[in-house]
Amino acid sequence: MNRDVAIKLLEGICHKINLNCRNLVTLLTGPNCCINSSAEDIFLNHGPQPTATKNLIHLSQMIRTGQVAKYDYGLQNMLHYGQLIPPIYEMTKIPNEFPLFFSYGGKDSLSDVNDVHVLLNDLKDHNGNKLVVLFKEDYGHLDFVMSVNAKQIIYDPLITFFNVN
């Protein structure tokens, strides 16, 4: 999606429902605990980053069905997959010895705690020393990228994980 089109769309929505666009970010991503105002200004001036419409459609398909599956091409699924419905991604088939690092926040609306727990349940038999789970209760979606303490809280443990694995 073209960045200018996305910004105009968001501005139109904000104006139509008489909402401060800064609040729109919080509505979409969840409240963020640790972003200072200068970082927030940078995000609002340069984000959100564009994405393909197909990505947004795919995300909405998975939200609607409640399943992590390949893209639903509708009547063309037979051509793409040889079946009527798109195949499910089987998370239980991730090899148990494959290193995985998960971080998630208690205030994240896009990757919410319940969804992460469903995924972690699928991985309950994963090799314990190959699965690291880092939960930050007060983090929202954008905190993982823009928080004033993300380096210490998220990225330092992630680098350690990479060095070990």
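For clarity, every value in this text was computed on a predicted model and none was experimentally measured.

1. Considerations on the overall build of the protein
If you tally the helices and strands in the protein, you get eight helices and two strands. Written out in order from the N terminus, the α and β elements of the protein read α-α-α-α-α-β-α-β-α-α. Burial status across the protein gives 23% buried among its 165 residues. A fraction of 59% describes how many contacts in the protein between residues 6 or more apart in sequence connect residues 24 or more apart.

2. Quick word on the confidence of the model for the protein
Interpretation of the predicted coordinates at a detailed level should be avoided for regions scoring low in pLDDT. When pLDDT is averaged along the protein, the result is 85, and 81% of the positions lie at 70 or above. Across the protein, the element-wise mean pLDDT spans from 62 in helix 3 (residues 37–46) up to 97 in helix 5 (residues 77–81).

3. Some words on the side chain of Gln61
With respect to the element layout, Gln61 can be found in helix 4 (residues 53–65). Excluding anything up to four places from it in sequence, Gln61 contacts Tyr71 and Asp72.

4. Focus: the packing of aromatic side chains
Here the structure, examined in full by the defined rule, presents six aromatic pairs. Aromatic side chains Tyr73 and Tyr81 sit 6.0 Å apart centroid to centroid with 45° between the ring planes, which places their arrangement in the tilted category. With relative accessibility at 27%, the residue Tyr73 sits in the partly exposed group. Their ring planes at 45° and their centres at 4.8 Å tell us that Tyr104 and Phe135 sit as a pair that is tilted. Here Tyr104, found in strand 1 (residues 100–105), pairs with Phe135, found in strand 2 (residues 131–136); they are 31 residues apart in sequence, far enough to count as distant.

5. Side note on the layout of surface pockets
In this model, the second largest pocket occupies a volume close to 160 Å³. Forming the boundary of the second largest pocket are His58, Gln61, Met62, Arg64, Thr65, Gln67, Ala69, Lys70, Asp72, Ile85, Pro86 and Ile88. For the lining of the second largest pocket, a count of residues per class yields five nonpolar, four polar and three charged.

6. Details of the nonpolar core
By size, the foremost hydrophobic cluster in this structure holds seven residues: Leu100, Phe102, Tyr104, Val116, Leu120, Leu123 and Leu131. Mapped by element, the contributors of at least two residues to this core are strand 1 and helix 6 (113–122). Ranked by residues supplied to this core, first place goes to strand 1 with three residues. Apart from residues lying up to four places away in sequence, Leu123 is in contact with Met91, Ile94, Leu100, Phe102 and Leu131. Of all hydrophobic cores here, the second largest spans five residues; its members include Cys34, Tyr139, Phe144 and Ile154.

7. Regarding the state of the cysteines
For the coordinates displayed, the defined rule picks out one disulfide. Between the sulfur of Cys33 and that of Cys34 lies a disulfide, 2.2 Å long from S to S. In this structure, the disulfide formed by Cys33 and Cys34 twists by about -90° around the S-S bond and is classed as left-handed.

8. Some words on helix 8 (residues 150–164)
Helix length check: helix 8, at 15 residues, gives a terminal C-alpha distance of 20 Å against a target of 21 Å (1.5 Å per residue), a fit within 8%. Along helix 8, the helix axis deviates most sharply at Asp156, where the bend reaches about 25°; the proline Pro157 sits within four residues downstream. Listed in full, the buried residues belonging to helix 8 are Ala150, Ile154, Leu158 and Phe161. On its buried face, helix 8 is in contact with strand 1, strand 2 and helix 7 (143–146).

9. Side note on the pattern of salt bridges
Taken as a whole and assessed by the stated rule, the structure comprises two salt bridges. Residue Lys136 pairs with Asp138 through a salt bridge whose shortest N-O separation is 3.4 Å. You can call Asp138 partly exposed: its relative accessible area is 31%. In this structure, Asp156 and Lys151 form a salt bridge, with 2.9 Å as the shortest nitrogen-oxygen distance.

Rules of the game
The residue count restarts for each chain, going from 1 along the sequence in the order it is written. Residue-level local features of this predicted model are given only where pLDDT is at least 70; pairs of side-chain atoms are given and counted only at 80 or more, and the full residue set underlies all totals for whole chains, interfaces and linings. Heavy atoms from the whole structure form the basis of all side-chain values; hydrogens and water molecules are not counted. Elements are defined by DSSP. Helices are runs of H or I of four residues or more, strands are runs of E of two residues or more, and each kind is numbered from the N terminus. We call a residue buried when its accessible area falls under 20% of the maximum for its residue type, exposed when it is over 50%, and partly exposed in between, using a 1.4 Å probe and counting protein chains only. Any pair of residues with heavy atoms lying within 4.5 Å of one another is described as a contacting pair. Scored from 0 to 100, pLDDT records how confident the predictor is in each individual residue. Pairs were defined over the aromatic rings of Phe, Tyr and Trp, the Trp ring being its six-membered one, requiring ring centres within 6.5 Å. Orientation was assigned from the angle between planes: stacked under 30 degrees, edge-to-face over 60, tilted for the rest. Here a cavity denotes a set of grid points, spaced 1 Å apart and computed over the protein atoms alone, in which a 1.4 Å probe fits but from which it cannot get out, and a pocket denotes an open set meeting protein on both sides within 12 Å along at least five of seven lines; residues with an atom within 4 Å of a point are reported as lining. Grid points are joined across faces, edges and corners, and a volume is the space filled by probe spheres set on the points. Gly falls in the polar group here, along with every residue not listed as nonpolar (Ala, Val, Leu, Ile, Met, Phe, Trp, Tyr, Cys, Pro) or charged (Asp, Glu, Lys, Arg). Take the buried residues of types Ala, Val, Leu, Ile, Met, Phe, Trp, Tyr and Cys, join any two whose side-chain atoms come within 4.5 Å, and each joined set is a nonpolar core. Two cysteine sulfurs form a disulfide in these notes if their separation is within 2.5 Å. By definition here, a helix of n residues has an expected span of 1.5 Å times n minus one. For a residue, the bend is simply the angle between two axes, fitted respectively to the seven-residue segment ending there and the seven-residue segment starting there. Take a side-chain nitrogen of Lys or Arg and a carboxyl oxygen of Asp or Glu: if they are within 4 Å of each other, that pair is a salt bridge.

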